[in-house]
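# Residue-level structural notes
Now for the letters of each chain:
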Amino acid sequence: SYKMEVYDAELNSFYHTANQLNWSQTEKFIKASQLFLGKPYALGALGEGPTGEFDQNPLYRTDQFDCETYVS
């Protein structure tokens, strides 16, 4: 299930830390990538997948990822 409050809190914490520590763009990219270490790969994590009638799923999430995670 989609937990927007949880994902928003994680991303807000990430951006707060990045700003406080004045990370460079490279550091932000590396640290953001590390957020997904150990998280499951899921087909259609950012969309309904091949059987979806409409794309009603989130544009972002932090509990899983797919091949479009960096594109979004």
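Structure report, in brief. The shown structure was predicted, so the numbers you read here are calculated from the model rather than taken from an experiment. (Residues numbered from 1 in each chain as written. Predicted model: local features only at pLDDT ≥ 70, side-chain atom pairs only at ≥ 80, totals over all residues. Heavy atoms only, no water.)

Take the pattern of salt bridges next. The full count for this structure, using the stated rule, is one salt bridge. Here aspartate 63 makes a salt bridge to arginine 61, at a shortest N to O gap of 2.8 Å. With a relative accessible area of 30%, aspartate 63 lands in the partly exposed category. (Salt bridge = Lys/Arg side-chain N within 4 Å of Asp/Glu carboxyl O. Buried < 20%, exposed > 50% of the residue type's maximum accessible area, 1.4 Å probe, protein only.)

In this section: the packing of aromatic side chains. This model, assessed by the stated rule, comprises four aromatic pairs. Between the aromatic rings of phenylalanine 36 and phenylalanine 65, the centroid separation amounts to 6.0 Å while the plane-to-plane angle is 65°, which identifies the pairing as edge-to-face. Remark: phenylalanine 65 occurs in the segment after helix H2 (25-34) and phenylalanine 36 occurs in the segment after H2; sequence separation between them is 29 residues. We classify phenylalanine 36 as buried; its relative accessible area is 17%. Look at tyrosine 41 and phenylalanine 65: their rings are 5.5 Å apart centre to centre, the planes differ by 80°, and that puts the pair in the edge-to-face class. With tyrosine 41 in the segment after H2 and phenylalanine 65 in the segment after H2, the pair connects residues that are 24 residues apart, well separated along the chain. Using a relative accessible area of 46% as the deciding quantity, one classes tyrosine 41 as partly exposed. One aromatic cluster in this structure is built from Phe14, Tyr15 and Trp23. (Phe/Tyr/Trp six-rings, centres within 6.5 Å; stacked < 30°, edge-to-face > 60°. Helix = DSSP H or I, 4+ residues; strand = E, 2+ residues; numbered from the N terminus.)

Shape is all these values report; function is a separate question.
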